[in-house]
Amino acid sequence: MISASRPHHERTTAVHAGRADLVGLGVHALPIDLSSTYPLPDQRLGGAALQALAEGDPTAASSVYSRLHNPTVARFERALATLEGTEAAVAFASGMAAITAVLIAAAQTAAQRGVRGHVVALRPLYGGTDHLLACGMLGLDVTFTTADRVAEECGERTVLVLLETPSNPCLGLIDIAEVVRRSGEVPVAVDNTFATPILQNPTEFGAAYSVHSATKFLGGHGDVLAGVVACAETRAAALRQVRILTGSVLHPLAGYLAHRGLPTLPLRMSAAQETAGELARRLAEHPNVAAVHHPGLPGADPSGLLGRQMRGPGAILALETVGDPIAMIGKLGLITSSVSLGSTDTMIQHPASLTHRLVAETDRADCGITPNLVRLSVGLEHISDLWADLDAALRNS
Ligand SMILES: *Cc1c(COP(=O)(O)O)cnc(C)c1O
C-alpha cells in the first residue's frame, strides 16, 4: 500500500499504485468488474450519484452505470496519476480517444465564450493526431508551428497548445517549461507516450495535461488498446464529462491489462532504454546507415533536456538507411515488422508508408520524415540477437 506521507522509489510505486483497496476487498489480484449497470437499492441516492458523476466527480456512492464510472478502470487511473504525480487521471478507449477528449474539452471552453476554438500544434506529431487536427473534424482552427513560434501564434481564441516530446518519429526534444512560458494563459498538453511517467512528468514543468497512448509502454505487451490523461482534478472533471457523453470509455478488461502493465514499467523501460542506446551508437557507425535519431546520441539534445526534463533517452530510435528501407525491413528475421511501439518485442516500421502516411507529403518533409526513415521500438530481447538481425538486414539490402 502507498503511504501518502513518504514517497517511495518509482519501482515501488509502480508495483503498488492503485491497489490500496485490495486488502479491504480480500483479494490479491486486481478485480475485474464487468458490470454494465449497478444495483440501486435507493433510487433517490442513485440519482444523487448519477448527478455527481455526470458533473465530473471521480467517485460517487454508486457507479450507477459503467459509462459513468468503473472501479477497475478507476484503479488504473489512480495508479497512473500516482506515477505522474498529478491529482487525477482519466482513462479512455485509446490514445486517440484521450487526445480527442482533451481537444473537445478545450473546444468547449471557446464555445462557452461564443467563439470557435483555435489550437496551436507543434509538429511533428503522431500521424493520427496530425490528421485529426488537419482534417478539421472537431471544428477547431489549427495552426501547425514549431516551439519558437508559440507566443506569436497564440491568440484570443487559442484554447490549447499541443506537443510531443520526444516527438514521433524523429525523437526531437522540446523544452516543455519554455513552451509553457510562451503559451501564457493557454493550457499546454504534452503527449508523453514515448517517455512514459518513468522518464518524464510534463506537469512538473507546467503542462496542464500529460497524455498517453497506454497501448504502448504502459500496457507494454501489445495486447491492449487504451489511453489516459493525467492532470489536475479541475481539468479531469471536464474530461470525465466528455468521456461520459461521447462514450469513449476504457473497457474494464482493458483497464485491468493497462494496470497490470504498470508494475514492470520501470524495469521494462530501463532494459529497453539501455539496449536502444547501444543500438543507436552501433547503428550510427554502420556503413549502410545514413543517419540515426535518438536523444542519447551526441548532438541530439542541444538544449540539455536529458537529465533536466527527461530522466533518460527512452527506448525508441529512428534511422535513415542508405539502401531501400522496405527491402531492409523485409530481410529482418527476428525484429517484428509492425506499427505500434512499446511492446516486449522490438518492432520496426516505415513512417512514410504507415504511421505518417496520412500526413501530407510536404508536411512530412518538414517533420524530417524522409523516404528512407525507419522507426525502431526497442523491446526486451538481448542486444546481441537484435544487432545480428539488424546488421545482416542492412548489409543484405
Ligand atoms: C500510438 C500513439 C497515439 C495513439 O494512441 P492509440 O492508443 O493508438 O489510439 C498517440 N500518440 C502517440 C505518440 C502514439 O505513439
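This text gives an overview of the structure that appears in the document.

The rules behind each value
Residues numbered from 1 in each chain as written. Predicted model: local features only at pLDDT ≥ 70, side-chain atom pairs only at ≥ 80, totals over all residues. Heavy atoms only, no water. Phe/Tyr/Trp six-rings, centres within 6.5 Å; stacked < 30°, edge-to-face > 60°. Lys NZ or Arg CZ within 6 Å of the ring centre and 35° of its normal. Helix = DSSP H or I, 4+ residues; strand = E, 2+ residues; numbered from the N terminus. Buried < 20%, exposed > 50% of the residue type's maximum accessible area, 1.4 Å probe, protein only. Lys, Arg positive; Asp, Glu negative; His and termini not counted. Salt bridge = Lys/Arg side-chain N within 4 Å of Asp/Glu carboxyl O. Contact = heavy atoms within 4.5 Å. Near = heavy atom within 4 Å. Polar contact = N/O pair within 3.5 Å; in protein donor to acceptor, adjacent residues only side chain to side chain. Areas by Shrake-Rupley, 256 points an atom, 1.4 Å probe, with all protein chains shown as cover. Pairing = 2+ DSSP bridges. Axes fitted to C-alpha atoms, helices over the stretch in contact; angles between N-to-C directions. Core = buried A, V, L, I, M, F, W, Y, C linked by side-chain atoms within 4.5 Å. Patch = residues over 30% accessible without salt bridge, like charges linked within 9 Å, V, L, I, M, F, W, Y side chains within 5 Å.

1. Some thoughts on the packing of aromatic side chains
Move 1: Evaluation of the coordinates by the stated rule reveals zero aromatic pairs.
Move 2: Above the ring of Phe144, the side-chain terminus of Arg123 is found at 3.6 Å from the ring centroid.

2. Observations concerning the side chain of Arg364
Move 1: Within the secondary structure layout, Arg364 lies in helix α14 (residues 361-366).
Move 2: With no salt bridge to any partner, buried Arg364 finds its closest opposite charge in Glu361, at an N-O distance of 4.3 Å.
Move 3: Excluding residues that lie within four positions of it along the chain, Arg364 makes contacts with Ala352, His356, Arg357, Val359 and Ile369.

3. A short note on the site of the ligand
Move 1: Around the ligand there are 14 residues in total, and Met96, Asp191, Ser213, Thr215 and Lys216 lie nearest to it.
Move 2: Within the contact set of the ligand, an oxygen atom lies 2.8 Å away from a side-chain nitrogen or oxygen of Ser213.
Move 3: Within the contact set of the ligand, an oxygen atom lies 2.7 Å away from a side-chain nitrogen or oxygen of Lys216.
Move 4: Protein chains bury 93% of the 380 Å² of accessible surface belonging to the ligand in isolation.

4. Some thoughts on the sheet that holds strand β2 (residues 118-122)
Move 1: Pairing is mixed in the open sheet, where seven strands are placed in the order β1-β7-β6-β5-β4-β2-β3. For this open sheet the edge positions go to β1 (88-92) and β3 (141-145), each flanked by a neighbour on one side alone. Each neighbouring strand pair of the sheet contributes to a mean axis angle of 20°, computed without reference to strand direction.
Move 2: The sheet contact formed by strand β5 (residues 188-191) and strand β6 (residues 209-213) spans three bridges and is parallel. In the sheet register, Val190 faces β6, and the bridge partner there is Ser210.
Move 3: Helix α4 (residues 71-84) contacts β1, β6 and β7 (227-231) of the sheet and is inclined by roughly 130° relative to β1.
Move 4: Helix α8 (residues 176-183) rests against β2, β4 (158-164) and β5 of the sheet, and its axis sits at about 155° to β5.

5. With respect to the nonpolar core
Move 1: Counting 41 residues, the largest nonpolar core has Phe76, Phe217, Leu218, Val228, Leu250, Leu262 and Leu265 as its most contacted members.
Move 2: Going through the elements one at a time, α4, β1, α9 (196-199), β7, α11 (252-261), α12 (265-284) and β9 (316-321) are the ones with two or more residues in this core.
Move 3: The element best represented in this core is α4, accounting for six residues.
Move 4: Discounting residues that sit within four places of it in the chain, Leu265 has contacts with Thr196, Pro197, Ile198, Phe217 and Leu218.
Move 5: Membership of the second largest hydrophobic core comes to 31 residues, among which are Leu125, Ala208, Tyr209 and Cys231.

6. Examining a nonpolar patch on the surface
Move 1: Taken together, the side chains of Ile32, Leu34 and Leu253 define a hydrophobic patch exposed on the protein surface, amounting to about 260 Å² of accessible area.
Move 2: Considering the arrangement of structural elements, one finds Leu34 in the loop between α2 (22-25) and α3 (43-54).

7. Section: the sheet that holds β9
The strands making up a sheet associate through hydrogen bonds between their backbones, and the pairing can be parallel or antiparallel.
Move 1: The strand order β8-β9-β12-β11-β10 describes an open sheet built from five strands, whose pairing is mixed. The open sheet has two edge strands with one neighbour each: β8 (289-293) and β10 (336-337).
Move 2: Bridge count for β9 against strand β12 (residues 373-377) is five bridges, and the pairing is antiparallel. By the bridge assignment for β12, Ala318 is matched with Arg375.
Move 3: Docked against the sheet, α12 engages β8, β9 and β12, running at close to 15° with respect to β9.

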